[in-house]
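# Analysis of the macromolecular model
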Amino acid sequence: MKKVLHYVSIMNRGGQETFIMNVFHAINREHVLFDFLCTINQPGDYDVEINKLNGKIFHLNLGKFKIEVIDRFLNLRKFLNLHKNEYGVFHVHTQHAMDGFLNATAAIKAGIPTVIVHSHSTNTLYHPIAHKIFRPLLRRLPVTKFACSDLAGKWLYGRQGEYKIICNGVDIKRFSFSNEIRQQIRRENKWDNHKVIGHVGSFSYPKNHEFIVKVFNEIAKKDSTAILVLIGIGEMINDVKKQVEELGISDKVQFLGKRSDVYKLDQGFDLFLFPSRYEGLPVVLVEAQCTGLKCLVSDTITSEIDVTENIYRESLINSPVIWADTAIKIMEENTSRRNMADVVTNAGYNIKDTAKILTEFYCK
């Protein structure tokens, strides 16, 4: 049995956390077991699920050192020194070169046999200068380097870096299109006779919810049947709710919060609106495409996400009016929906294939 310790902030329903859980479900747990070391000492959305899969959750106890990054590094070293004989793999999930370097160095110093640094984004708001300084240092570390996309790899390791792309696989069976589920979810949510524009993501700066609302407001002016469905939570949700109220479209916008049935909700949507400022490789777009859902996304997102023909792009430079016109045009096209599971699998995004690849790394 190879035990893997994943280093994350908190196991909430974010993109990278959902990816890890997808792998945890798909991997052969007779050979590989996941535990989690979280830097935020709060319950996570996936904690109960992790416990059911026989995984353990630890929280990094930070001390009172005034410089947070040094405090985190010292306490991580302390934790790993205590548990180093339990784990064959330390898997760091990050978007910042400084964090990647310090966390991986702590694991190397503790003697963990295999250390993996995994890039999940293409930007950061956290100490950008430090990121650039530590990137060449991280590149030289004797660790396995993963990335969810080529752009995410270049972001964390630099253009000279060597890394392996690990596809953000999804549960193909769960996200396969079913007209029965589509009709059911639309009835339950009273979406019949509506054009449903959906979005899944945390209410945070990268996801660009302010722009989503502006685009929808323009759509609603031209299509009285349109409604906007927002799934997720986050620090900016109250700002978005205030914006919706000020525009006078509260009756057309639904805030559904955290949901564990995204695979059903996707099937009820008519369009997935995703104008992110930056992303690594969003799992939610792979999931949406698997259900045959058309997706209008920003041109900042890597073309590696173009798994099916259902990805449409628009520039963030363009106005909400232009985005709205594009969205309406897409929804007016052929509305027939078909299962894209085979296409997604052939593109390498079946979670079973991803789990197999990771098992080989973990167990070598």
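So, a few notes on the structure that sits alongside this text. Within every chain, residues take consecutive numbers counted from 1 along the sequence as written. Where local features are concerned, this predicted model is filtered to residues with pLDDT of at least 70; where side-chain atom pairs are given and counted, the filter is 80 or more; whole-chain, interface and lining totals use all residues. Excluded from the side-chain calculation are hydrogens and water; included are all heavy atoms of the structure.

### Observations concerning the overall build of the chain
The helix and strand tally for the chain stands at 14 helices and 13 strands. Restricting the calculation to C-alpha atoms gives the radius of gyration, and the globule rule supplies 2.2 Å times the number of residues raised to the power 0.38. Relative to the 2.2 N^0.38 estimate, which gives 21 Å for 364 residues, the radius of gyration of the chain is 21 Å and therefore close to what a compact globule would have. Seen through its principal axes, the chain has C-alpha atoms that stretch 60 × 40 × 40 Å. The buried label applies to any residue whose accessible area, calculated with a 1.4 Å probe on protein chains only, is under 20% of its type's maximum; exposed applies above 50%, and partly exposed to all values in between. Classification of the 364 residues of the chain by burial places 57% in the buried group. Within the chain, contacts between residues at least 6 apart in sequence are counted, and of these 71% link residues at least 24 apart. Computed over 47 positive and 40 negative side-chain charges, the separation of the two mean positions in the chain equals 6 Å. By the criteria applied, helices consist of DSSP H or I runs no shorter than four residues and strands consist of E runs no shorter than two, each listed in order from the N terminus. Contacts are residue-level and defined by heavy atoms, with any inter-residue pair within 4.5 Å sufficient. We score Asp and Glu as negative and Lys and Arg as positive, and we do not count His or the chain ends. Throughout, a charge is located at the NZ atom of Lys, the CZ atom of Arg, the CG atom of Asp or the CD atom of Glu.

### Re the nonpolar core
Among the nonpolar cores identified, the biggest contains 64 residues, and Met11, Phe34, Phe36, Trp191, Phe269, Phe272 and Tyr362 are the most heavily contacted of them. Here the element with the most residues in this core is helix H11 (residues 283–290); it accounts for six residues. Grouped together as the second largest cluster of nonpolar side chains are 30 residues, Phe79, Leu102, Ala104 and Ile112 included. We call a set of buried Ala, Val, Leu, Ile, Met, Phe, Trp, Tyr and Cys residues a nonpolar core when their side-chain atoms join them within 4.5 Å.

### Points about the sheet that holds strand E10 (residues 253–257)
Pairing between the strands of a sheet is mediated by backbone hydrogen bonds and can be parallel or antiparallel. DSSP bridges decide pairing: two strands pair if at least two such bridges lie between them. What the six strands build is an open sheet, ordered E10-E9-E8-E11-E12-E13; its pairing is parallel. The strands lining the two open edges of the sheet, one partner per strand, are E10 and strand E13 (311–314). Across this sheet, the average inter-strand angle for adjacent strands is 25 degrees, counted without regard to direction. Relative to strand E11 (residues 271–274), strand E8 (residues 195–200) runs parallel, the two being bridged by two bridges. Opposite Gly198, over in E11, you have Phe272 as the bridge partner. Orientation is described by axes fitted as lines to C-alpha atoms, over the contacting stretch for helices, and by angles from 0 to 180 degrees between their N-to-C directions. Running at roughly 165 degrees to E10, helix H9 (residues 237–247) makes contact with strand E9 (226–231) and E10 of the sheet.

### Structural notes on the packing of aromatic side chains
Two numbers describe a pair of aromatic rings. These are the distance of the centres and the angle of the planes. Each aromatic pair joins two rings of Phe, Tyr and Trp (for Trp, the six-membered one) with centres within 6.5 Å, and gets the label stacked for planes under 30 degrees apart, edge-to-face for over 60, and tilted for any other angle. Applying the stated criterion to the full structure yields 14 aromatic pairs. A connected cluster of aromatic rings, assembled from ring pairs, spans Phe24, Phe34, Phe36 and Tyr362. We call a charge positioned above a ring when the Lys NZ or Arg CZ atom is no farther than 6 Å from the ring centre and deviates by at most 35 degrees from the ring normal. Between the NZ or CZ atom of Arg277 and the centre of the ring of Tyr205, over which it lies, the distance is 4.0 Å.

### Details of the sheet that holds strand E6 (residues 144–147)
Here we have seven strands laid out as an open sheet, ordered E3-E2-E1-E4-E5-E6-E7, and parallel in their pairing. Lying at the two open borders of the sheet, with one neighbouring strand each, are strand E3 (57–59) and strand E7 (164–165). Across three bridges, the pairing between strand E2 (residues 32–38) and E3 is parallel. Residue Cys38 lies in a different strand from E3, and its bridge partner there is His59.

### Describing the packing of helix H4 (residues 97–110) against helix H5 (residues 128–140)
When two helices pack together, their arrangement is given by the angle between the helix axes and the distance between those axes. Two elements in contact, H4 and H5, have axes whose closest approach is 7 Å; the angle formed by their N-to-C orientations is 45 degrees. With respect to each other, H4 and H5 are oriented oblique. Like other packed secondary-structure pairs, H4 and H5 cross with a definite hand, here left-handed. Taking contact as the criterion, the partners of Ala97, Met98, Gly100, Phe101 and Leu102 in H4 are, on H5, Ala130, His131, Phe134, Arg135, Leu137 and Leu138. Grouping the amino acids of the contact of H4 with H5 by side-chain chemistry returns eight nonpolar, two polar and one charged. Throughout this description, any angle smaller than 35 degrees is read as roughly parallel, any larger than 145 degrees as roughly antiparallel, any in the 65 to 115 degree range as roughly perpendicular, and the remainder as oblique. Rotating anticlockwise by less than a right angle from the far helix to the near helix defines a left-handed crossing, while the corresponding clockwise rotation defines a right-handed one. Gly counts as polar in this scheme, as do all residues outside two lists: the nonpolar Ala, Val, Leu, Ile, Met, Phe, Trp, Tyr, Cys and Pro, and the charged Asp, Glu, Lys and Arg.

### So, the pattern of salt bridges
For this analysis, a salt bridge means a side-chain nitrogen from Lys or Arg found within 4 Å of a carboxyl oxygen belonging to Asp or Glu. Throughout the structure, instances matching the rule amount to 13 salt bridges. Salt-bridge contacts for Asp35 lead to Lys3; the nearest nitrogen and oxygen are separated by 3.4 Å. Taken together, the residues span a long stretch of sequence, with Asp35 in strand E2 and Lys3 in strand E1 (residues 2–8) at a distance of 32 residues. For the salt bridge of Lys258 with Asp45, the shortest nitrogen-to-oxygen distance reads 2.4 Å. Note that Lys258 is positioned in the loop between E10 and helix H10 (262–268) and Asp45 in the loop between E2 and helix H2 (47–52), a separation of 213 residues in sequence. The network of salt bridges with common partners includes Arg182, Arg186 and Asp270.

### As for H4
Multiplying one less than the number of residues by 1.5 Å gives the expected span of a helix. In a regular helix each residue adds 1.5 Å, so 14 residues correspond to 20 Å; H4 covers 20 Å between its end C-alpha atoms and thus fits that length. Packed against the buried residues of H4 are E1, helix H3 (68–83), strand E4 (89–94), strand E5 (114–119), H5 and helix H6 (150–157). One or two residues past the end of H4 sits Gly111, with phi positive at roughly 90 degrees.

### Structural notes on the state of the cysteines
Any pair of cysteine sulfurs within 2.5 Å is marked as a disulfide. Using the criterion set out here, one finds zero disulfides in the structure. You can see Cys167 has no disulfide; the closest cysteine sulfur is in Cys148, sitting 9.7 Å from it. Looking at Cys167, the relative accessible area reads 21%, which means it is partly exposed.

### Details of the pairing of E4
Counted residue by residue, E4 has six buried out of six residues, so it is predominantly covered. With burial as the criterion, each face of E4 is covered, one bearing Val89, His91 and His93 and the other bearing Phe90, Val92 and Thr94. Across four bridges, E1 lies against E4 in parallel orientation. When the bridges of E4 are listed, Leu5 appears paired with Phe90. Pairing between E4 and E5: six bridges, direction parallel. Its bridge partner lying in E5, Phe90 is registered against Val115. Remark: the E4/H4/E5 crossover connection has right-handed handedness. The crossover handedness rule: strands pointing away from the viewer, path from first strand over the helix to second strand clockwise, crossover right-handed.

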